[in-house]
Amino acid sequence: MEQNQIKNNEVLAAITLAMHEYQGYTMHVSESGVLTLGNADTEWNSKLRTQRQQPEHKF
């Protein structure tokens, strides 16, 4: 009987947490919804940070 009560409490806790998140109480930052597209230099596309030699184009 006690094992069944523990499982019921876990299910109720999961449902409560899901409802809490669904209502939006866990959002820390509100997003503007605006996408900014551009070709900005970052560490992800930096030519100085590449770890392999670029192939030579022979045309």
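Residues numbered from 1 in each chain as written. Predicted model: local features only at pLDDT ≥ 70, side-chain atom pairs only at ≥ 80, totals over all residues. Heavy atoms only, no water.

### So, the overall build of the chain
If you tally the helices and strands in the chain, you get one helix and zero strands. The buried share of the chain, taken over its 59 residues, is 2%. Here the chain displays about 6900 Å² of accessible surface, and carbon together with sulfur accounts for 56% of that area. (Helix = DSSP H or I, 4+ residues; strand = E, 2+ residues; numbered from the N terminus. Buried < 20%, exposed > 50% of the residue type's maximum accessible area, 1.4 Å probe, protein only. Areas by Shrake-Rupley, 256 points an atom, 1.4 Å probe, with all protein chains shown as cover.)

### Topic: a nonpolar patch on the surface
Residues Val11, Ile15 and Met19 make up a contiguous nonpolar surface patch of about 280 Å² in total accessible area. Position of Ile15 relative to the elements: it lies in helix H1 (residues 2-22). Residue classification places Ile15 among the partly exposed residues on the basis of a relative accessible area of 44%. (Patch = residues over 30% accessible without salt bridge, like charges linked within 9 Å, V, L, I, M, F, W, Y side chains within 5 Å. Salt bridge = Lys/Arg side-chain N within 4 Å of Asp/Glu carboxyl O.)

### Some remarks on H1
End to end, H1 covers 30 Å across 21 residues, agreeing with the expected 30 Å (1.5 Å per residue, within 8%). Among the residues trailing H1, Gly24 stands out with phi positive, at a value near 90 degrees. (Expected span 1.5 Å × (residues − 1).)

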